[in-house]
Amino acid sequence: MKTKKIVIIGSGFSSLSASCYLAKHGFDVTVLEKNKTTGGRARQLKKDGFVFDIGPTFYWMPDVFERFFKDFNTHSSNFYSLNKLHPAYQIYFGKKDSISIADNFEDIKQTFENIEKGSGAKLQKFINKAHRNYNIAIKDLVYKPGEHVFEIINHKTFLKLYEFVLTIKHQVSGYVKSKQLQKILEFPVLFLGAKPSNTPSFYNFMNYADFKLGTWHPKGGMYEVVKAMTTLAQSLGVKIITDSEVENIEIKNKSVTGVTTNSSYFPCDILLSGADYHHTETLLPKALRQYSESYWDKKTFAPSALLFYVGFNKKLQNVSHHTLFFDTDFEAHAKTIYDTKEWAEKPLFYASFPSITDATTAPEGKEAGIFLIPIAPDVEDTPEIREHYFNQLMDRIETITGESVKKHILFKESYCVNNFKEDYHSYKGNAYGLANTLTQTHVLRPKLKSKKVNNLYFCGQLTVPGPGVPPSLISGKIVSDLILKYH
Ligand SMILES: Cc1cc2nc3c(=O)[nH]c(=O)nc-3n(C[C@H](O)[C@H](O)[C@H](O)COP(=O)(O)OP(=O)(O)OC[C@H]3O[C@@H](n4cnc5c(N)ncnc54)[C@H](O)[C@@H]3O)c2cc1C
């Protein structure tokens, strides 16, 4: 039998994952990536001896990564070394007022107890619930392709229906009264791209991932995972062609026959796109697009981001590898992201200093800093606006941590809405894809298999199961299973 040719658009985590599974099952796989390197939103920036992850920095759910590597009879340790971070992260609530989250649950419980009497025992109950949801969600539900609602209806999920209706914000406030502890418990669901007041409480499994499974760091940064998956894919026979933008999808009788890039034509039997879903559909004739412009416009997108990559000429003292600055009113900030869609006056932000625990990411005696402000997709992006927020961030860090940073800056690079659009064809410049709200979960997300083109499939953070690196690995697996089912 003739080997079937599959072309995959993009080389983000979901595409790389899918390419490995499809090559393992005997398909002839070619990955076409528009940028110069693989990894999509998880590429790397190197400058003057500093190394920065451009996108993801939190390595959560190590079990999902191991499950992926195990499917190829290997292990992450054959490619990169992992360090469990202690503290996992630090959260600043105001001037010299911060809480550090330890690398083990007993210490985290004690931290809670010290802040609010009785909250340690309540946290235990909350996490027990979150653990049960983790087992249901991550070990089973998220691996369902979202073809039919019956995939996820069973006696376990039936008993959990109320947790899909209640929000995480509501649930958390029933367990702890301290505003600081509430913010800590609401933090993990921000990875899902929506407000805690708009995220079903079932997603508390993210709290289990946070407190029980821990925060890890691959030596060298998250890009090491991209390198590992690229190497694995190539060892399985996948051809990866970078600097190769797909500009047109050729269709005959409602089936893809091939794609055209800026330089060549690639015939194929099946096309899989891990590029942003909206962008891929714009490469099709209008009649063959499944979702209209107004469909996309009405969706709740996860935030975009303003990012800075900064080299400091000294080691910083009062921050941790991951440091969150929750010194402002999150409700007001969230309103600007999801409702008014404008810049927040004083946004909360996240900072990562990988060189605190990983000497390979900065020259000796220096510190690499990555700063991220979540913002509304498609807000105005100008050099002046970027500069304004950079100055605000540096001022706030100096005030809050009590340490001078501004005069120690060697260089800074920035990244924002316009870069997301240019580099990834990202819809409205979103950073993390489509949010996981109740009405954007499972069957209610854009489909993995096109309903209008026979041999066209999608994967990645705009489809099933959702945003984040672990879900992207899973997306690659479930779309491959679907392709095997239909071809
Ligand atoms: C700033 C930032 C921070 C994040 N932090 C975290 C974190 O800490 N932890 C976590 O788990 N997740 C995090 N995420 C989310 C995570 O990085 C993403 O969910 C994941 O990387 C998305 O992978 P993907 O395969 O869906 O898509 P992408 O990575 O977007 O890959 C799509 C690829 O398609 C390519 N492409 C687009 N159009 C074409 C075309 N026409 N032809 C050829 N190629 C094309 C793009 O160049 C890109 O390489 C973060 C994301 C961002 C942006």
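Residues numbered from 1 in each chain as written. Predicted model: local features only at pLDDT ≥ 70, side-chain atom pairs only at ≥ 80, totals over all residues.

### Points about the overall build of the chain
Helix and strand content of the chain: 16 helices and 19 strands. C-alpha atoms of the chain, sized along the principal axes, occupy 65 × 55 × 45 Å. The proportion of buried residues among the 487 residues of the chain is 51%. The contacts in the chain between residues at least 6 apart in sequence include a share of 71% that link residues at least 24 apart. (Helix = DSSP H or I, 4+ residues; strand = E, 2+ residues; numbered from the N terminus. Buried ≥ 20, exposed ≤ 12 C-beta atoms within 10 Å, placed from the backbone. Contact = placed C-beta atoms within 7 Å.)

### Re the domain arrangement of the chain
In terms of domain boundaries, the chain breaks down into domain 1 (5–48 + 55–81 + 220–298 + 435–486) and domain 2 (110–116 + 126–213). Between domain 1 and domain 2, the C-alpha centre-to-centre distance is 27 Å. Facing the 25 residues of domain 1 at the interface are 19 residues of domain 2. For the side of domain 1 that touches domain 2, the secondary-structure elements that each account for two or more residues are α2 (62–70) and α16 (469–486). When its residues are assigned to classes, the side of domain 1 that touches domain 2 shows 15 nonpolar, 5 polar and 5 charged. (Domains from an automatic or database assignment. Nonpolar A, V, L, I, M, F, W, Y, C, P; charged D, E, K, R; others polar.)

### Observations regarding the sheet that holds strand β2 (residues 28–32)
Spatially, β9-β2-β1-β13-β19 is the arrangement adopted by the 5 strands of the open sheet, whose pairing is parallel. Where the open sheet ends on each side, the last strands, each with one partner, are β9 (239–241) and β19 (456–458). Across the sheet, the mean angle from the axis of one strand to that of its neighbour is 20°, orientation sign disregarded. With 4 bridges connecting them, strand β1 (residues 5–9) and strand β13 (residues 270–273) associate as parallel partners. What sits directly across from I8, in β13, is L272. (Pairing = 2+ DSSP bridges. Axes fitted to C-alpha atoms, helices over the stretch in contact; angles between N-to-C directions.)

### Observations regarding the site of the ligand
Neighbouring the ligand are 38 residues; G10, G12, G40, P56 and G460 lie closest to it. When contributions to the shell around the ligand are tallied by element, the ones reaching two or more residues are α1 (13–24), β14 (304–312) and α16. Per element, the largest residue contribution to the shell around the ligand is 3 residues, and it comes from α1. (Near = placed C-beta within 6 Å.)

### Description of the packing of helix α3 (residues 105–115) against helix α4 (residues 119–137)
Axis angle and axis distance: for two packed helices, these are the angle between their axes and the distance between the axes, and together they describe the pair. Where α3 meets α4, the closest approach of the two axes is 7 Å, and the angle between their N-to-C directions is 135°. Relative to α4, the element α3 is oriented oblique. Contacts from K109, Q110, F112, E113 and I115 in α3 reach S119, G120, L123 and Q124 in α4. Of the residues that constitute the contact of α3 with α4, the class distribution is 3 nonpolar, 4 polar and 2 charged. (Parallel < 35°, antiparallel > 145°, perpendicular 65-115°, else oblique.)

### Focus on the sheet that holds strand β11 (residues 255–261)
Ordered in space as β10-β11-β12, the 3 strands form an open sheet in which the pairing is antiparallel. The sheet terminates laterally at β10 (246–252) and β12 (265–267), the two strands that pair on one side only. With direction set aside, neighbouring strand axes in the sheet form an average angle of 25°. Bridge count for β11 against β12 is 3 bridges, and the pairing is antiparallel. Of the residues in β12, the one forming a bridge with T260 is Y265.

### Looking at α2
Buried within α2 we find V64, F65 and F68. Along the axis of α2, the buried positions cluster into a sector of 100°, meaning they face one direction only. Each element contacted by the buried residues of α2 is listed here: α1 and α16. (Arc of directions from axis to C-beta.)

### Notes on helix α7 (residues 168–175)
Among the residues of α7, I168, Q171 and V172 are the ones counted as buried. Angular distribution of buried residues about the axis of α7 spans 95°; they occupy a single face of the element. In α7, those exposed residues whose orientation departs by more than 90 degrees from the buried face are H170 and G174. Where α7 is buried, its residues contact α8 (179–186).

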